[in-house]
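The lines below spell out each chain.
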Amino acid sequence: MASVSLRHIYKKYPGGVTAVSDFNLEIKDKEFLVLVGPSGCGKTTTLRMIAGLEEITEGELFIGDQLVNDVAPKDRKIAMVFQNYALYPHMTVFENMAFGLKLNKTPKEEIKRRVEEAARILDITHLLDRKPKALSGGQKQRVALGRAIVRNPKVFLLDEPLSNLDAKLRAAMRTELTKLHNRVGTTFIYVTHDQVEAMTMATRIVVMKDGLIQQVDTPQNLYDSPCNLFVAGFIGTPQMNFINGTLTKKGEDMYFNFEDKSIKMPAEKANNPALKDYIDQEVVVGLRPECIHDAPAQVEAFTDSQVEAFVDVTELMGAEIYLYLTIGETNLTARVSSRSTSRAGDTIKVAFDTSRIHVFDKDTEKCICH
């Protein structure tokens, strides 16, 4: 198997367009790494450079100990699964999965053994004689994965492989891909714009924006400790609430003021040296939807952070309710229990769990403290 090392990688197109800038990353052997970000952030371009389908403008790419900048894609010992599956319509499932092995002049018996083994792993043995037009989206996805597995690659590259599937099948295939990664024990590099896929499957996530890495960390650390406003807003569903306001200090106590409200900050934040330079300055406070409470018992527990809010819309999600709230000109989303009695049109009392507040610099957008 193999690690992958990207060192100061750039991708520049004619006309001065830079798709990827100074990309530095060490991907460990057998890691499930996910590149995530909005459309046009450079994640697929990065994947295609690893595959050898895009030329690297500057920098060095190593797979294992081998510098592969000038190595042909077929010799990199990688396998790629494309968004549109890229199956040959005139070939059976068996022939599609065997095609790459035939090109490499693998013996027939070895081809048969590898294809049948991959089909067993993916539960598509009964489909080997069918052609792609007779397959569902999920079955085509498994065939595309099977074609990659039979090559015994050092690295799997997956470019938004679940984006063409319906929501239920996408959730099922997420689980299947995680099981597959555990079973084959190969390095997976996976591209998606869906942060739910990233959070559920990755051992580490790379968040990208405008060709630049914003943050690399485990899913939980990205959720709990985002480094800037972009990462904080991109990771998490519904996204983090952002509130513009001012920090003030009265004696030893620190307050966050927004609209005509004043929220007392917890002692650990009031004593945080990083916030000293921001007293009487505008900042952005971030608060996850699950940190806004409407249940009376919970509201009473947070005596220093109670505010009145107007309920615009409620969305029942089954196990929970999303409340879309307005406080003056500020819009917030709360994720509360399905037993909540709050209804659209109500004016209710809510409380913020201030121990989980994030504070961001309004100009640089960098996180000051968590």
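Further remarks concern the packing of helix α2 (residues 93-103) against helix α3 (residues 108-122). Contact pair α2 / α3: the axes reach a minimum separation of 10 Å and the direction vectors enclose 135 degrees. Considered as vectors, α2 and α3 are oriented oblique to each other. In the crossing of α2 with α3, the sense of the turn from one axis to the other is right-handed. Facing α2, whose interface residues are Phe-94, Met-97, Ala-98, Leu-101 and Lys-102, α3 presents Ile-111, Lys-112, Arg-114, Val-115, Ala-118 and Ala-119. Its residues assigned to classes, the contact of α2 with α3 comprises 8 nonpolar, no polar and 3 charged.

This part covers the pattern of salt bridges. Two side chains of opposite charge can pair, provided their charged atoms sit close to one another. Under the criterion given, the structure shown has 17 salt bridges. A salt bridge links Lys-11 to Glu-54; the nearest nitrogen and oxygen atoms lie 3.6 Å apart. Highlighted residues: Lys-11 in strand β1 (residues 4-13) and Glu-54 in the loop between α1 (43-51) and β4 (58-63), separated in sequence by 43 residues. For the pair Lys-11 and Glu-54, one class covers both residues: buried. Here Arg-335 and Glu-320 are joined by a salt bridge, their closest N and O atoms 3.8 Å apart. In this pair, Arg-335 is assigned in strand β18 (residues 330-337) and Glu-320 in strand β17 (residues 320-327), connecting sequence segments 15 residues apart. Looking at Arg-335, the relative accessible area reads 22%, which means it is partly exposed.

The next subject is the packing of helix α4 (residues 137-149) against helix α5 (residues 167-184). When two helices pack together, their arrangement is given by the angle between the helix axes and the distance between those axes. One way to put it is that α4 packs onto α5 with a least axis distance of 11 Å and a crossing angle of 20 degrees. Here α4 is positioned roughly parallel relative to α5, judged by the angle of their axes. As α4 runs across α5, the sense of the crossing is right-handed. Residues Gly-138, Gln-141, Arg-142, Leu-145 and Ile-149 of α4 form the contact with α5, whose participating residues are Leu-169, Met-173, Glu-176, Leu-177 and Leu-180.

Let's shift gears to the confidence of the model for the protein chain. Confidence in the prediction for the protein chain averages 91 pLDDT; 100% of positions are at 70 or higher. Mean pLDDT per element in the protein chain: α5 is the minimum at 85, and strand β10 (residues 212-217) is the maximum at 97.

Looking now at the environment of Val-313. Turning to its location among the elements, Val-313 is positioned in strand β16 (residues 306-316). The spatial distance from the C-alpha of Val-313 to the C-alpha of Lys-112 is 58 Å, given a sequence separation of 201 residues. When neighbours within four sequence positions are excluded, Val-313 is seen to be in contact with Tyr-322, Leu-323, Tyr-324 and Ala-344.

The next subject is the side chain of Arg-147. Relative to the assigned elements, Arg-147 resides in helix α4. Glu-95 provides the closest opposite charge to the buried, salt-bridge-free Arg-147, at an N-O distance of 12 Å. A distance of 2.8 Å separates the side chain of Arg-147 from the backbone oxygen of Tyr-85, its partner in a polar contact. Apart from residues no more than four positions distant in its own chain, Arg-147 is found in contact with Tyr-85, Ala-86, Leu-87, Tyr-88, Asn-96 and Met-97.

Across the sheet, which stays open at both edges, the 6 strands sit in the order β13-β12-β11-β14-β20-β21 with antiparallel pairing between neighbours. Sheet topology places β13 (261-264) and β21 (367-369) at the edges, where each strand pairs with a single neighbour. Along the sheet, successive strands turn relative to each other by an average axial angle of 40 degrees, direction set aside. Across 4 bridges, strand β12 (residues 253-258) lies against β13 in antiparallel orientation. The partner of Phe-258 across the bridge, within β13, is Lys-261.

Criteria and cut-off values
- Residues numbered from 1 in each chain as written.
- Predicted model: local features only at pLDDT ≥ 70, side-chain atom pairs only at ≥ 80, totals over all residues.
- Heavy atoms only, no water.
- Axes fitted to C-alpha atoms, helices over the stretch in contact; angles between N-to-C directions.
- Helix = DSSP H or I, 4+ residues; strand = E, 2+ residues; numbered from the N terminus.
- Parallel < 35°, antiparallel > 145°, perpendicular 65-115°, else oblique.
- Left-handed = near helix turned anticlockwise from the far one by under 90°.
- Contact = heavy atoms within 4.5 Å.
- Nonpolar A, V, L, I, M, F, W, Y, C, P; charged D, E, K, R; others polar.
- Salt bridge = Lys/Arg side-chain N within 4 Å of Asp/Glu carboxyl O.
- Buried < 20%, exposed > 50% of the residue type's maximum accessible area, 1.4 Å probe, protein only.
- pLDDT = per-residue confidence, 0-100.
- Lys, Arg positive; Asp, Glu negative; His and termini not counted.
- Polar contact = N/O pair within 3.5 Å; in protein donor to acceptor, adjacent residues only side chain to side chain.
- Pairing = 2+ DSSP bridges.

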